[in-house]
Amino acid sequence: GAGVSQSPSNKVTEKGKDVELRCDPISGHTALYWYRQSLGQGLEFLIYFQGNSAPDKSGLPSDRFSAERTGGSVSTLTIQRTQQEDSAVYLCASSFGLAGMETQYFGPGTRLLVL
Amino acid sequence: SQQGEEDPQALSIQEGENATMNCSYKTSINNLQWYRQNSGRGLVHLILIRSNEREKHSGRLRVTLDTSKKSSSLLITASRAADTASYFCATDGNTNAGKSTFGDGTTLTVKP
């Protein structure tokens, strides 16, 4: 595709429900990243993938958060038993080559609101 | 505190003036990147500068990197109202590549 796409654009859910966020990276990009941005704040790193592997999961806020990537392409970020503090914009990015070595291209984000 | 920290937090200038934003970081890096964000969505990549580079230009943008001071600056010359946005620096450490760290950003307002 032309750029990184994310779905849904917006998600409103009730506290305690599970949500799944999707990221489609640029074709051929081997590295994929997830970030979270709260209102007026910078980006909080969550996790990155090199291919289908996630070498460092320490950025995930709690065990309610998980992510996977299949086929070296699409990635999903799952938040179980959502809490109000999970409300934020979730941003995905992808890059060529080794993670952290090249330009990251960002998707438009998913705005999550937990009521 | 975070690896990348921007300074100032907010900057307001008149159209045509230059804007300078600074970023400081703590540990050794592979590269440093500057991004722009409008209205809380969609980060746009501006410039990537590697640890062995000192200066890069792109149009009206000039980025410098001083690894001895662990700092970088972004200069926007002849600013325009359309440059109004938040600007972030992001670093990738050479001991933990892939785990990018962003600062809280500088909010730039360019008045027409």
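As shown above, the structure is provided for reference.
Fair warning: this is a prediction, and the values are worked out from it, not measured in the lab.

*Asks:* Got a minute to help me understand the environment of N30 of chain B in this structure?
*Replies:* Residue and element names in this part refer to chain B. Inspection of the secondary structure puts N30 in strand β4 (residues 29-38). Here N30 falls in the buried class, since its relative accessible area comes to 18%. For N30 and A82, which are 52 residues apart along the polypeptide, the C-alpha to C-alpha distance reads 31 Å.

*Asks:* Looking at this structure, I do not really get the interface of chain B and chain A. What am I missing?
*Replies:* Every contact between the two is made by 23 residues of chain B and, on the other side, 25 residues of chain A. Summed over both sides, the interface of chain B with chain A buries roughly 1,800 Å², with 45% coming from carbon and sulfur. Here chain B is connected to chain A by one salt bridge. Across the pair R50 of chain B and E102 of chain A runs a salt bridge whose closest N-O atoms are separated by 3.0 Å. For the interface between chain B and chain A, the tally reads seven residue pairs in polar contact (both at pLDDT 80 or more). With six residues, the single largest contributor to the side of chain B that touches chain A is strand β5 (residues 41-50) of chain B.

*Asks:* It is not clear to me how the sheet that holds strand β3 (residues 19-24) of chain B should be interpreted in this structure. Could you clarify?
*Replies:* Strands pair in a sheet through their backbones, by hydrogen bonds, and they do so in one of two ways: parallel or antiparallel. Residue and element names in this part refer to chain B. With antiparallel pairing, the five strands of this open sheet are ordered in space as β1-β3-β8-β7-β6. The sheet is open, and its two borders are formed by β1 (5-7) and β6 (55-58), each paired with just one other strand. Each strand of the sheet is rotated relative to its neighbour by a mean of 20°, with strand direction disregarded. Bridge count for β1 against β3 is three bridges, and the pairing is antiparallel.

*Asks:* Honestly, the pairing of strand β7 (residues 75-79) of chain A in this entry has me stumped. Any pointers?
*Replies:* Each regular strand shows side chains that alternate between the opposite faces of the sheet. All names here are of chain A. The element β7 is largely enclosed, with a buried count of five among its five residues. Here β7 shows no split at all, with S75, L77 and I79 on one side and T76 and T78 on the other all buried. In this sheet, β7 lies alongside strand β3 (residues 19-24) in antiparallel orientation, the contact comprising five bridges. Bridge pairing links C23 to S75 in β7. Relative to β7, strand β6 (residues 65-69) is paired through five bridges, and the arrangement is antiparallel. Bridge pairing in β7 places S66 opposite T78. Connecting the antiparallel pair β6 and β7 is a turn made up of five residues, with G71 showing a positive phi of about 60°.

*Asks:* Any chance you could explain the packing of aromatic side chains here in plain terms?
*Replies:* One pair of aromatic rings is described through two measures. These are the centre distance and the angle between the planes. Using the criterion set out here, one finds nine aromatic pairs over all chains in the structure. Their ring planes at 20° and their centres at 6.4 Å tell us that Y33 of chain A and Y35 of chain A sit as a pair that is stacked. Note on accessibility: Y33 of chain A and Y35 of chain A belong to one class, buried. Both rings, one in F106 of chain A and one in Y35 of chain B, keep their centres 5.3 Å apart while their planes meet at 85°; by these two values the pair is edge-to-face. Note that F106 of chain A is positioned in strand β9 (residues 105-106) and Y35 of chain B in strand β4, a pairing that runs across two chains. An aromatic cluster is present here, built from Y33, Y35, F45, Y48 and F106 of chain A together with Y35 and F102 of chain B joined pairwise through their rings.

Cut-off values and rules
Residues numbered from 1 in each chain as written. Chains lettered and ligands numbered in written order. Predicted model: local features only at pLDDT ≥ 70, side-chain atom pairs only at ≥ 80, totals over all residues. Heavy atoms only, no water. Helix = DSSP H or I, 4+ residues; strand = E, 2+ residues; numbered from the N terminus. Buried < 20%, exposed > 50% of the residue type's maximum accessible area, 1.4 Å probe, protein only. Contact = heavy atoms within 4.5 Å. Buried area = accessible area lost by both parts, 1.4 Å probe. Salt bridge = Lys/Arg side-chain N within 4 Å of Asp/Glu carboxyl O. Polar contact = N/O pair within 3.5 Å; in protein donor to acceptor, adjacent residues only side chain to side chain. Pairing = 2+ DSSP bridges. Axes fitted to C-alpha atoms, helices over the stretch in contact; angles between N-to-C directions. Phe/Tyr/Trp six-rings, centres within 6.5 Å; stacked < 30°, edge-to-face > 60°.

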